[in-house]
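Read off the chains here:
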Amino acid sequence: MNGSVYNKLFDDNLIIKRVKNKLPHLFQLAELESSRNGKIGMEIGSVRERILIALLMYKFGIDIVDPDIPITAPEVDVYVKDTPLSIKTLTTINNKWQPIKLIWTVDPHKTLEFKNTYTPSCDMMIAKICWNGTGKLLLFSKESQHKILRKIGRENYIKMPKAGTNARGVEISAEALSILEKAKDTRCIDIDFIRKEIDYREVYTKWLDAWTEDY
C-alpha cells in the first residue's frame, strides 16, 4: 500500500471540499492571468503549479513545503516533509488523456538517454482539467508508475518527439496515464470544472493589495 504523505490530501474532507469548490475558480483566474488578447501563454503551467503548491502549504504548513527545487531535479516540483512530488496539469476535452511532458529538451541525444534510463522517482499529482465537464485531481504513486512502466514497456510508456518537428521534450504517453488512472492505489477527487463570470480586474487584486499596504 502506498503510504505517501500526499495521501493525506485525499483523506481530508475539508481539503476535498475546498478542492471541489475552489480549484475551478483558481484555475480560471490562472488562465486570465496568463492570457493576452484571448490567447493563453506557456506560463499557464507554472501558475497552475503554484496554485497546487499553495494547496500543499495550506494542508501541511508553509514551513515544511519546499518549492525551491534545483534544476538538477527535473522531475521534482516540490518537497513536503522531504518527500518529493511531481506536479502536472492537463486541459482535456471529453476527459480523454493526452501525453504530458516529463522533460523539456530539444537535444536528441538527451531525449534518447532519458528514454533509456528514466525511472519514476516520486509520486505524481495531476490536475486533469475538463471545462464544462468533470475533471479530476489525481495522485499516482511512485510504485504504480514503476509497475506500469515495467508492464507496458518503455516504448509504450514514453512518447518520444517526432523527428523533424519542433516538439520540445519527452512525454508520458496517454496510454500510460489511462492505465495509471485505473491503478488500485491511485487517489482521486472528482471536480466539476464550471466556468463562472469573473471580472478581469480580480487578477490584479493581489498586486493592488500589495501597493496599498503600508510597510
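From a predicted model like this one, the values you see are computed outputs, not experimental measurements. (Residues numbered from 1 in each chain as written. Predicted model: local features only at pLDDT ≥ 70, side-chain atom pairs only at ≥ 80, totals over all residues. Heavy atoms only, no water.)

Glancing now at the overall build of the chain. Along its length, the chain carries eight helices and eleven strands. In terms of C-alpha radius of gyration, the chain reaches 18 Å, essentially the compact-globule figure of 17 Å for 215 residues. Each principal axis of the C-alpha atoms in the chain carries an extent, and together these give about 55 × 45 × 40 Å. Across the 215 residues that make up the chain, the buried fraction comes to 44%. For the chain, restricting intrachain contacts to residue pairs at least 6 apart in sequence, the fraction spanning at least 24 positions comes to 70%. Accessible surface for the chain amounts to roughly 12900 Å². Of this, 53% is attributable to carbon and sulfur atoms. Across the chain, the mean location of the 33 positive side-chain charges is 7 Å away from that of the 29 negative side-chain charges. (Helix = DSSP H or I, 4+ residues; strand = E, 2+ residues; numbered from the N terminus. Rg over C-alpha atoms; globule rule 2.2 N^0.38 Å. Buried < 20%, exposed > 50% of the residue type's maximum accessible area, 1.4 Å probe, protein only. Contact = heavy atoms within 4.5 Å. Areas by Shrake-Rupley, 256 points an atom, 1.4 Å probe, with all protein chains shown as cover. Lys, Arg positive; Asp, Glu negative; His and termini not counted. Charge placed at Lys NZ, Arg CZ, Asp CG, Glu CD.)

Moving on, we come to helix α3 (residues 44-60). Within an α-helix, residues lying three or four positions from one another point in the same direction, as the helix has 3.6 residues per turn. When the terminal C-alpha atoms of α3 are compared, their 25 Å separation across 17 residues agrees well with the 24 Å that a helix rising 1.5 Å per residue should span. I44, V47, R48, I51, L52, I53, L55, L56 and F60 are the residues of α3 that are buried. Once α3 ends, the next one or two residues include G61, with phi positive near 105 degrees. (Expected span 1.5 Å × (residues − 1).)

Ranked by internal contacts, the top residues of the largest apolar core, which has 31 residues, are F27, L52, L56, M125 and L137. Of all the elements in the fold, those that place two or more residues in this core are α1 (7-11), α2 (13-33), α3, β4 (78-80), β5 (83-91), β7 (123-129), β8 (133-140) and β11 (187-193). Here this core gets eight residues from one element, more than from any other, and that element is α3. Discounting residues that sit within four places of it in the chain, M125 has contacts with L9, L52, L56, L85, S86, I87, K88, L137, L138 and L139. With 21 residues, the next largest nonpolar core counts F140, I152, V170 and I172 among its residues. (Core = buried A, V, L, I, M, F, W, Y, C linked by side-chain atoms within 4.5 Å.)

This next bit is on the packing of α2 against α3. In the contact formed by α2 and α3, the axes pass within 10 Å of each other and the chain directions differ by 150 degrees. It follows from the interaxial angle that α2 and α3 lie roughly antiparallel. Here α2 and α3 pass one another in a crossing that is right-handed. Residues L14, I15, R18, V19, L23, L26, F27, A30, E31 and E33 of α2 lie in contact with α3, whose contacting residues are I44, V47, R48, I51, L52, L55, Y58 and K59. Split into classes, the residues belonging to the contact of α2 with α3 amount to 13 nonpolar, no polar and five charged. (Axes fitted to C-alpha atoms, helices over the stretch in contact; angles between N-to-C directions. Parallel < 35°, antiparallel > 145°, perpendicular 65-115°, else oblique. Left-handed = near helix turned anticlockwise from the far one by under 90°. Nonpolar A, V, L, I, M, F, W, Y, C, P; charged D, E, K, R; others polar.)

On the secondary structure map, Q28 appears in helix α2. What makes Q28 buried here is its relative accessible area of 9%. In contact with Q28, not counting residues within four places along its chain, are W131, I194, R195, K196 and I198.

What follows covers the pattern of salt bridges. In total, this model carries eleven salt bridges according to the counting rule given. Here D11 and R187 are joined by a salt bridge, their closest N and O atoms 2.7 Å apart. Taken together, the positions of D11 in helix α1 and R187 in strand β11 put the pair 176 residues apart, joining distant regions of the chain. Residue R187 is classed as partly exposed on the basis of its relative accessible area of 22%. Taking the shortest distance from any N to any O, the salt bridge between E171 and K101 comes out at 3.3 Å. Of this pair, E171 sits in strand β10 (residues 170-172) while K101 sits in strand β6 (residues 100-103); the two residues are 70 residues apart in sequence, bridging distant segments of the chain. In terms of burial, E171 and K101 fall into one category: buried. One network of salt bridges, with partners in common, ties together E31, R48 and R195. (Salt bridge = Lys/Arg side-chain N within 4 Å of Asp/Glu carboxyl O.)

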